[in-house]
Amino acid sequence: MNRLKKIKMLKELSESCKLENREIIGGYTMPELCSIYNGIGPDAFPEWLRNFVTVLNPALEPAAFIHDIEWHESDRSSEKFHESNARLERNGRRIAALKYCRLDPRRYLLVRQASRFAGLCDRFGWSAWCAPCECAVCRKKA
């Protein structure tokens, strides 16, 4: 799937799942969103590794999409950092609840993954949250 189709799909899923802070997406053009969203994983990971993690966790992509945009808009505050990571987990839980019934073990595996990713961001993401953005959108503005 090409990049623009992927972003369009993520926008639609974010809206149809009614994910928290989905409104943030509307502030950007499709090319800007293509530049901001890097898949699941930090910018510090090589692209092949982010692609691998994303392929293993496709249901969490809409949550990661919103999370990436929030990090793009980082105000470098501790409060917003923790809010963004907690929202990643809540959005993952919402996706799991919509995707799988209560008795399906995949629901709880997805919830666990969302919780793990949010915890990893909380534990190891502070320097990335505080770092200046280096996406194409920000390079144009500089």
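Before any of the text, the structure's been laid out above.
The structure reproduced in this document is the subject of the present report. All figures in this text were calculated on a predicted structure; none of them were measured in a lab.

## A few points about the overall build of the protein chain
Item 1. Looking only at helices and strands, the protein chain features eight helices and zero strands.
Item 2. Listing the helices and strands of the protein chain from first to last along the sequence gives α-α-α-α-α-α-α-α.
Item 3. Computed over its C-alpha atoms, the radius of gyration of the protein chain comes to 14 Å, within 12% of the 14 Å expected for a compact globule of 142 residues.
Item 4. On the principal axes, the C-alpha backbone points of the protein chain span a range of 50 × 30 × 30 Å.
Item 5. Across the 142 residues of the protein chain, 41% fall into the buried class.
Item 6. Contacts in the protein chain between residues at least 24 apart in sequence constitute 72% of all its contacts with a sequence separation of at least 6.
Item 7. With the model as given, the accessible surface of the protein chain reaches about 8,600 Å², and the carbon-plus-sulfur share is 58%.
Item 8. Between the averaged position of the 24 positive side-chain charges in the protein chain and that of its 18 negative side-chain charges there is a distance of 6 Å.

## Considering unusual backbone geometry
Item 1. The phi torsion at K18 lies on the positive side, around 55 degrees, for a residue other than glycine.
Item 2. Take K18: it is sitting in the loop between α1 (3–16) and α2 (30–36).

## A closer look at the layout of surface pockets
Unoccupied space between atoms shows up once a probe the size of one water molecule is rolled over them.
Item 1. Of the voids in this model, the largest pocket is the one considered here, and its volume is about 1,300 Å³.
Item 2. Lining of the largest pocket is provided by 44 residues; of these, N38, G41, P42, D43 and D68 occupy positions nearest its centre.

## Things to note about the packing of helix α4 (residues 61–72) against helix α5 (residues 78–99)
How two helices pack is summed up by the angle between their axes together with the distance between the axes.
Item 1. Contact geometry for α4 and α5: axes closest at 9 Å, N-to-C directions at 165 degrees. Between α4 and α5, the interaxial angle falls into the category roughly antiparallel. Crossing geometry of α4 relative to α5 is assigned as right-handed. Seen from α4, the contacting residues are P62, A63, A64, I66, H67, E70 and W71; seen from α5, they are F81, S84, N85, R87, L88, N91, G92 and I95.
Item 2. Each residue belonging to the contact of α4 with α5 can be placed in one class, and the counts come to eight nonpolar, five polar and two charged.

## Regarding the packing of aromatic side chains
Item 1. Inspection of the entire model under this criterion finds five aromatic pairs.
Item 2. Ring centres of W71 and F81 lie 5.7 Å apart, and the angle between their planes is 50 degrees; on these two criteria the pair is classed as tilted. Of this pair, W71 sits in helix α4 while F81 sits in helix α5, and the two are ten residues apart along the sequence. Of the two residues, W71 and F81, neither departs from the other in class, the shared state being buried.
Item 3. Centre to centre, the rings of F81 and W126 are 5.1 Å apart; their planes meet at 85 degrees, and the pair counts as edge-to-face. In this pair, F81 is assigned in helix α5 and W126 in helix α7 (residues 126–130), connecting sequence segments 45 residues apart.

What counts and what doesn't
- Residues numbered from 1 in each chain as written.
- Predicted model: local features only at pLDDT ≥ 70, side-chain atom pairs only at ≥ 80, totals over all residues.
- Heavy atoms only, no water.
- Helix = DSSP H or I, 4+ residues; strand = E, 2+ residues; numbered from the N terminus.
- Rg over C-alpha atoms; globule rule 2.2 N^0.38 Å.
- Buried < 20%, exposed > 50% of the residue type's maximum accessible area, 1.4 Å probe, protein only.
- Contact = heavy atoms within 4.5 Å.
- Areas by Shrake-Rupley, 256 points an atom, 1.4 Å probe, with all protein chains shown as cover.
- Lys, Arg positive; Asp, Glu negative; His and termini not counted.
- Charge placed at Lys NZ, Arg CZ, Asp CG, Glu CD.
- 1 Å grid on protein atoms, 1.4 Å probe; cavity = no way out; pocket = protein on both sides within 12 Å on 5 of 7 lines; lining within 4 Å.
- Points joined across faces, edges and corners; volume = space filled by probe spheres on them.
- Axes fitted to C-alpha atoms, helices over the stretch in contact; angles between N-to-C directions.
- Parallel < 35°, antiparallel > 145°, perpendicular 65-115°, else oblique.
- Left-handed = near helix turned anticlockwise from the far one by under 90°.
- Nonpolar A, V, L, I, M, F, W, Y, C, P; charged D, E, K, R; others polar.
- Phe/Tyr/Trp six-rings, centres within 6.5 Å; stacked < 30°, edge-to-face > 60°.

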